[in-house]
Each structure stands twice: as C-alpha cells, then as structure tokens.
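Observations on the three-dimensional arrangement
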Amino acid sequence: MLSRVAAFALFSLPLLAAAGGDCNTQNQQCCNSVQNSQNLDQWALGQLALVGLNVGDVTGQVGLTCTPVSVLAVSGQSCNQQTVCCTNNNFNGVVALGCTPINVNL
C-alpha cells in the first residue's frame, strides 16, 4: 500500500507542475507571507517600496521574505511556511510576484 502511495505522489508531481504553468525549481519559493496585491498590509507595502515597485503595477499574489526551495533543499531544510510558484523572483527574496500556492502535502 505504501508503495502505491509513493508511486502516486511521484507520478502526480509532474502533473501538478504542468497544471501550474511553467513552475520549475527556479520559480518555487518558500515565503514567510503570501498576500493578495489588492489587500496588502502596511509592512508589505513597505517591502514593495523598498525594491522600487509601485503597488498599482502589482497584480495577483505577492510573496514576501522568500527563499528559493532549491536553496532549502541543498541545505537540508524544508519549507515551514507557504510554498509558492512565482513568475518574478528578481527582488533578492524581499518580494516575489505572480505567486501561486503549491500544495506539497500530497
């Protein structure tokens, strides 16, 4: 029975990645906070300003204080917060834009 569960999880991962668009390991982030761009709190607004982003230009989910999942894997750590797939991770972990939650608890 356990081998069936493991096989299902192994074969389901590519389907989850395909369903989420182009979500490869470079796009996967572990973020301390994920917020909707329409409902950002003051701290999140400050983080966007810190990296020079205008809140009016931001849409979708915003990941805050993020670490790439690949970095966690190399160090032997796991994500204890929200795992997301983000389309724009060019802000050194302060913010990540275009995030979609990943359910890693299969």
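Before going into details, it helps to say that this report is about the structure given with it. Being a predicted model, the structure only gives us computed values, none of them experimental.

How each quantity is defined
Residues numbered from 1 in each chain as written. Predicted model: local features only at pLDDT ≥ 70, side-chain atom pairs only at ≥ 80, totals over all residues. Heavy atoms only, no water. Disulfide = S-S within 2.5 Å. Helix = DSSP H or I, 4+ residues; strand = E, 2+ residues; numbered from the N terminus. Buried < 20%, exposed > 50% of the residue type's maximum accessible area, 1.4 Å probe, protein only.

**What about the state of the cysteines?**
For the structure shown, the criterion picks out 4 disulfides. Between the sulfur atoms of cysteine 30 and its disulfide mate cysteine 79 the distance is 2.0 Å. Looking down the S-S bond of the cysteine 30 and cysteine 79 bridge, the torsion is 80°, so its handedness is right-handed. Here cysteine 30 is found in strand E1 (residues 28–36), whereas its partner cysteine 79 is found in the loop between helix H3 (69–75) and strand E3 (82–88), with 49 residues between them in sequence. Relative accessible area serves as the criterion here: at 8%, cysteine 30 is assigned to the buried category. The exposure class assigned to cysteine 79 is partly exposed, which follows from its relative accessible area of 23%. With a sulfur-sulfur separation of 2.1 Å, cysteine 86 is cross-linked through a disulfide to cysteine 99. In this structure the cystine formed by cysteine 86 and cysteine 99 twists about its S-S bond by roughly 105°; its chirality is therefore right-handed. Of the two residues, cysteine 86 is situated in strand E3 and cysteine 99 in strand E4 (residues 95–101); the sequence distance between them amounts to 13 residues. Accessibility expressed as a relative area gives 1% for cysteine 86, which makes it buried.

Function-wise, these values are silent; they only describe arrangement.
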